[in-house]
Amino acid sequence: MLAAALMAYYGWSYESAVRLGPRSSRVFHAFARLDVSPDQFGRMRGDLVPMTAKPPAARWHFVSQVLDGDTIRLDDGRTVRLVGVDTPESSENRKMYTDLGKMNLADAKGDLLALGKAAAKAASDRALGRRCWLETGKSAEDQYGRLLAIIHLDDGTILNEWLIHQGYARVETSYPFPYRKRYIGLQLMAQRGGHGFWNLQEEQGK
C-alpha cells in the first residue's frame, strides 16, 4: 500500500511539474525521476537506521575540495563519489549528455549546467574544509576508480542525505547501499516540501 501511494503521488507531482512548473524546475523534475517500480520499492528494507556514531576504526579526514555536487576530494588525495546520490553535472561531459538524453526535454543543457553549479556550491558551502569520516558499503569503487562512500561531517550531518533532503540531488541506485528506501523517502519529502530545486522560480524578464 505504501509503495502504491508513493508511486501515485510521484506520478501526479511529476506530471504537474512538467506541465505547469517554471522551466528550471521542470528540468530538475525530469532529471530526478525515480527509476523504481512499486514492486522494487516494496522489497527494499525500510528498517535501517543510518550510522551516526563514528566507528573506532574510522579515521577523520578533511574535505579538501568539492569537485561536483556529488564528488569530493579528501586531504589524503582520494576522490570520493557520494553513493546513493546524483546531482546534475556542473560542466559539459559525457554523463551530462546521457542525462539530457534520458530527460526528453529540448534545449535543457544550460538549465542543467546551472543546476549542477548550484548543487556544487551547496555541497561546497556545507562540507568544504570540514572534518569527516566515511561509511562504505559492498561496492568499494565506481567504474572510474572513485571511492564510493557516505560522508559523515563532524557536526553530525550526513552529506549524502542532506543533499537529497535539501533538494539538490536525486537518489541514484546504480551501486548498492543500505539506505535506499530511506533516501527515496527523503527525496519525496524534499519534493513535497518544495525544497531546493523542487521549487525554483524563474527570474523576472527571462
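Residues numbered from 1 in each chain as written. Predicted model: local features only at pLDDT ≥ 70, side-chain atom pairs only at ≥ 80, totals over all residues. Heavy atoms only, no water.

J.: Is there a simple way to think about the pattern of salt bridges in this case?
T.: When charged atoms on two side chains of opposite charge get close, those side chains can pair. One pass over the full model with this rule turns up 15 salt bridges. The shortest N-O distance in the salt bridge between Lys 95 and Asp 86 comes to 3.1 Å. Relative accessible area serves as the criterion here: at 27%, Lys 95 is assigned to the partly exposed category. By relative accessible area, which is 1% here, Asp 86 ends up buried. Among the ionic pairs, Asp 155 bridges to Arg 126, the shortest N-O distance being 2.8 Å. Taken as a pair, Asp 155 in the loop between β6 (147-153) and α6 (159-165) and Arg 126 in helix α5 (residues 109-127) lie far apart in primary sequence, 29 residues in all. Overall, Asp 155 belongs to the partly exposed group, its relative accessible area being 38%. (Salt bridge = Lys/Arg side-chain N within 4 Å of Asp/Glu carboxyl O. Buried < 20%, exposed > 50% of the residue type's maximum accessible area, 1.4 Å probe, protein only. Helix = DSSP H or I, 4+ residues; strand = E, 2+ residues; numbered from the N terminus.)

J.: What should I look at first to understand α5 in this one?
T.: Structural remark: α-helix, 3.6 residues per turn; residues separated by three or four positions point the same way. Compared with an ideal rise of 1.5 Å per residue, which puts 19 residues at 27 Å, α5 spans 27 Å between its outermost C-alpha atoms and is within 8% of the ideal. For α5, the complete set of buried residues consists of Asp 111, Leu 112, Leu 113, Leu 115, Gly 116, Ala 119, Ala 120, Ala 122, Ala 123 and Ala 127. Where the residues of α5 are buried, they touch α2 (23-31), β1 (61-68), α4 (94-103), β6 and α6. In the segment just after α5, Gly 129 is the residue with positive phi, at about 85°. (Expected span 1.5 Å × (residues − 1). Contact = heavy atoms within 4.5 Å.)

J.: Would you mind going over the side chain of Glu 135 with me for this structure?
T.: As for its placement among the helices and strands, Glu 135 is situated in strand β5 (residues 131-135). Buried and without a salt bridge, Glu 135 has Arg 182 as its closest oppositely charged side chain, separated by 9.4 Å. Only 2.6 Å separates the side chain of Glu 135 from the side chain of Tyr 179, close enough to count as a polar contact. (Lys, Arg positive; Asp, Glu negative; His and termini not counted. Polar contact = N/O pair within 3.5 Å; in protein donor to acceptor, adjacent residues only side chain to side chain.)

J.: Would you explain the nonpolar core in this entry?
T.: As a rule of thumb, soluble globular proteins bury nonpolar side chains together. Within the largest apolar cluster, 34 residues are counted, with the highest numbers of intra-cluster contacts made by Ile 72, Val 80, Leu 134, Ile 151, Tyr 183 and Ile 184. Element by element, the count of residues in this core is highest for β6, at six residues. If sequence neighbours within four positions are ignored, Tyr 183 has contacts with Val 83, Gly 84, Val 85, Ile 150, Asn 160, Glu 161, Ile 164, Val 171 and Phe 177. Of all hydrophobic cores here, the second largest spans 16 residues; its members include Leu 100, Met 103, Leu 115 and Trp 198. (Core = buried A, V, L, I, M, F, W, Y, C linked by side-chain atoms within 4.5 Å.)

J.: Any chance you could explain the sheet that holds strand β2 (residues 71-74) here in plain terms?
T.: Spatial strand order, β1-β2-β3-β6-β5: five strands in a closed barrel with mixed pairing. Between one strand axis and the next, the sheet turns through 55° on average, direction left out of account. In this sheet, β6 lies alongside β5 in antiparallel orientation, the contact comprising four bridges. If you follow Glu 135 over to β6, its bridge partner there is Ile 150. Strands β1 and β6 of the sheet are contacted by α5, whose axis makes an angle of about 170° with β1. (Pairing = 2+ DSSP bridges. Axes fitted to C-alpha atoms, helices over the stretch in contact; angles between N-to-C directions.)

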